[in-house]
Amino acid sequence: MSQSNALRREVDAAPALRAQSFDIKPLPGPVGAELIGLDLSQALTTADFSRVHQAHLDHHLLVFRNQRITPQQHIDFSRRFGPLMIHVLHQFHLPGHPEILTVSNIVEDGKPIGLGDAGKYWHSDISYKELPSLGSLLHAQELPSEGGDTLFANMHLAYDTLPAALRNAIVGKRAVHSYLAQYGQLQKEGNWRPNLSAQQIAQVQEVVHPVVRTHPENGRRALFVSEGFTTRIVGLPEDESRALLAELFAHSVRPEHIYRHRWQPHDLVFWDNRSLIHLAGGTPDHLRRKLYRTTIEGDVPF
């Protein structure tokens, strides 16, 4: 048999992708939809993937229930949206899968297995890079019997509802984002954060982004500042910068802008870091929590 005929038979024998029947149910509140009936352990057809992609743009946050997927399947699905980012804290990469950051309060043999204080301050993932994140996918592995919620704030709404004076104050403004903005404080408050090596510090140099960014896919404007990573507004005296940022932070997280996600076993939540900021609601110290996170690289904000 010729090589071409053998290859043709191999292709013909490969299982064809099958379309899945699933529904998109908007969540109550200012953001989010639940995808019902979709199994991410199966590769998606182009049409199914397009529906998921459009739902993500429409709702900014998608909840996939009861996803019994492997770390590699998690990575493969995430990668369909773009290149994956490797978190600077290599200490908490999932062994064998550096694309996955372990988010966990579990301590084994006296050492944390993951980042136990992740999300303690409102933030957009990896906004401290020249190419901030498009979105993140967080998959529940082990959940506490109480607590452990994640809150998300819609930054399109935050911008749309800015008082006129505050909106005028930020026209054309740019702000500094730094991974180290709260790092020292987090080290004081707990034992989750390792000292960074010189090589790690070199990976997280300060960057400057617009205070208001335009979403590259839906064209809408959104605030792009957060208490977690934004340190100052370029060109303003320190006191004015601090006061203006405080106003923006407070306005961003008004109750009407927020969706609270109460995790269920094996949930996978996919949110848009260009549209949202998020916060960990906190877990009692004696209860175990573990989740796996991938992060997709985005574009230069404009």
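Preceding this paragraph is the structure being described.
Residues numbered from 1 in each chain as written. Predicted model: local features only at pLDDT ≥ 70, side-chain atom pairs only at ≥ 80, totals over all residues. Heavy atoms only, no water.

### What to know about the pairing of strand β16 (residues 268-272)
As a reminder of what qualifies: In this scheme, a residue with accessible area under 20% of its type's maximum is buried, one over 50% is exposed, and one in between is partly exposed, where area comes from a 1.4 Å probe on protein chains only. Helix numbers and strand numbers start at the N terminus; a helix is a DSSP run of H or I with at least 4 residues, a strand a run of E with at least 2. When DSSP finds at least two bridges between two strands, those strands are taken to pair.
Among the 5 residues of β16, 5 are classified as buried, and the element is accordingly described as predominantly covered. Along β16, one buried face is formed by L268, F270 and D272 and the opposite face, lined by V269 and W271, is buried too. In terms of strand pairing, strand β3 (residues 61-64) meets β16 through 4 bridges, oriented antiparallel. By the bridge assignment, L61 is partnered in β16 with W271. Where strand β8 (residues 133-142) meets β16, 5 bridges bridge the pair, whose relative direction is antiparallel. In the strand pairing of β16, S136 is matched with W271.

### Concerning the side chain of H123
To be explicit about the condition: Polar contact is defined as a pair of N or O atoms within 3.5 Å, subject to the rule that within protein one atom must be able to donate a hydrogen and the other to accept it, and that residues adjacent in sequence are counted only when both atoms are side-chain atoms. Contact criterion: two residues are considered in contact whenever any of their non-hydrogen atoms come within 4.5 Å of each other.
As for its position among the elements, H123 is in the loop between β7 (111-112) and β8. Using a relative accessible area of 8% as the deciding quantity, one classes H123 as buried. A polar side-chain atom of H123 sits 2.8 Å from the main-chain carbonyl oxygen of Y121. A distance of 2.9 Å separates the side chain of H123 from the side chain of D125, its partner in a polar contact. The residues touching H123, leaving out its near neighbours within four places in the chain, are S226, G228, F229, I277 and H278.

### Focus on the sheet that holds strand β4 (residues 93-94)
The criterion, for reference: Lines fitted to C-alpha atoms define the axes here, with helix axes fitted over just the stretch in contact, and angles between the N-to-C directions of these axes take values from 0 to 180 degrees.
Across the sheet, 8 strands lie side by side as β1-β2-β3-β16-β8-β18-β5-β4; this open sheet has mixed pairing. Since the sheet does not close on itself, it has two edges, and those belong to β1 (23-26) and β4, each with one partner. Its contacts with the sheet place helix α2 (residues 46-59) against β1, β2 (33-36), β3, β8 and β16, and it is angled at close to 130° to β3. Across the sheet, helix α3 (residues 71-79) touches β3, β4, β5 (97-104), β8, β16 and β18 (290-297), and the angle it forms with β5 is around 110°.

### Here's the deal with the sheet that holds strand β17 (residues 276-280)
The sheet built from 3 strands is open, its strands ordered β15-β9-β17 with antiparallel pairing. The strands lining the two open edges of the sheet, one partner per strand, are β15 (258-261) and β17. Strand after strand, the sheet turns through a mean of 20° between neighbouring axes, direction not considered. Sheet topology note: the strand β9 (residues 150-154)/β17 ladder contains 5 bridges and is antiparallel. What sits directly across from F152, in β17, is H278.

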